[in-house]
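This is what each chain is made of:
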Amino acid sequence: MAEQTVAVIGAGTMGNGIAHTFAQYGYPVTLVDVSTERLDKALHTIAANLDRQVAKGSIPETLKDATLARIRTVTTIQEGVRDADLVVEAATEDVTLKLQIFGSIDQAAPEHAILATNTSSISISRIAAATRRPGQVIGMHFMNPVPVMKLVEVINGYATQSTVTDTVVALSQRLEKVPCVVNDYPGFIANRILMPMINEAIFSLYEGVAGVEAIDTVMKLGMAHPMGPLQLADFIGLDVCLSILRVLHDGFGQPKYAPCPLLVNMVTAGRLGIKSGEGFYDYTGGPKNARPSARFRV
């Protein structure tokens, strides 16, 4: 597939990282977003991340230029996917929006195209049902930051063809990623295990068992996690964490997946983590100088 074309739908954090990675490994990429402002910001972010790679010596300057030259931007799905062999949707984690997007992709993409979603929790089978080609729909869940993180969670929907899975696994390996194939149940594997842990950390804070720094330090030093669960929640986005927990709670109907009231209140108040400047930590001095939010300081 090295000579073929990839379309990425959505120019946010995940979308620009996915576009960056495919282009870096030789794939012509069309990055699609309704907002020209977001597309311009995405290209700026990709260029800055490539500059960091050059500065670290991980890629040569010539590869930076070649990567950027492989990315074109458009503002309509119809134009973006009409010549695509693989489409990767990386829009907001909203099921209604994703169903609308997949209906549009299905209408415009070539018959042979594989349609992948970067969803972190929404049912692949449900997304596939919005198309006329459910056998060609699959989950391709990259981790953030995409150019750095090695894992790709490859999720089979109920109807996904084995040849499609094999193609996506091989493609992930060409990107020097490690694909792990899982089946389509709420949260898949990554978030089915991660989100209850994050939720329990929030409950521990909510119930006064320990403070923000203590909870994160225990998990970093005691469990060898590179980042504590509360800081990780801020990094993911508390709104995203809440959305995934609700998918788990609705999907399994078990109270153990019910989101902590503190998380619900924080999202309602707009305290979403790094992207809003405050979550469990205060990021007004930048992520490297984060300290617990004044609300949670002991």
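The rules behind these values
Residues numbered from 1 in each chain as written. Predicted model: local features only at pLDDT ≥ 70, side-chain atom pairs only at ≥ 80, totals over all residues. Heavy atoms only, no water. Buried < 20%, exposed > 50% of the residue type's maximum accessible area, 1.4 Å probe, protein only. Helix = DSSP H or I, 4+ residues; strand = E, 2+ residues; numbered from the N terminus. Pairing = 2+ DSSP bridges. Right-handed = clockwise from strand over helix to strand, strands pointing away. UniProt positions renumbered as here; feature names shortened; annotations may be inferred. Domains from an automatic or database assignment. Contact = heavy atoms within 4.5 Å. Buried area = accessible area lost by both parts, 1.4 Å probe. Salt bridge = Lys/Arg side-chain N within 4 Å of Asp/Glu carboxyl O. Polar contact = N/O pair within 3.5 Å; in protein donor to acceptor, adjacent residues only side chain to side chain. Nonpolar A, V, L, I, M, F, W, Y, C, P; charged D, E, K, R; others polar.

## Concerning the pairing of strand E5 (residues 114-117)
- Of the two faces of E5, the one carrying Ile114 and Ala116 and the one carrying Leu115 and Thr117 are both buried.
- Bridging between strand E4 (residues 86-89) and E5 involves four bridges; their strand directions are parallel. Among the inter-strand pairings, glutamate 89 is bridged to a residue of E5, identified as threonine 117.
- Taking the sense of rotation as the criterion, the β-α-β connection linking E4, helix H5 (residues 95-108) and E5 turns out right-handed.
- Relative to strand E6 (residues 137-142), E5 is paired through three bridges, and the arrangement is parallel. Its bridge partner lying in E6, alanine 116 is registered against isoleucine 138.

## Comments concerning the UniProt feature "domain: 3-hydroxyacyl-CoA dehydrogenase C-terminal" (unreviewed entry) in the chain
- UniProt marks residues 187-283 with the feature "domain: 3-hydroxyacyl-CoA dehydrogenase C-terminal" (unreviewed entry), using the numbering shown here.
- Helix makes up 62% of residues 187-283 and strand 2%. Its end C-alpha atoms lie 28 Å apart.

## Examining the domain arrangement of the chain
- Domain boundaries in the chain define domain 1 (6-183) and domain 2 (191-296).
- With centres defined by C-alpha atoms, the gap from domain 1 to domain 2 works out at 27 Å.
- Taken together, the five residues of domain 1 in the interface contact five residues of domain 2.
- Both sides of the domain 1 and domain 2 interface together cover about 450 Å² of buried area, and 53% of this is carbon and sulfur.
- One can count zero salt bridges joining domain 1 with domain 2.
- Put simply, domain 1 and domain 2 have one residue pair in polar contact (both at pLDDT 80 or more) between them.
- Tallied by class, residues from the side of domain 1 that touches domain 2 come to no nonpolar, four polar and one charged.

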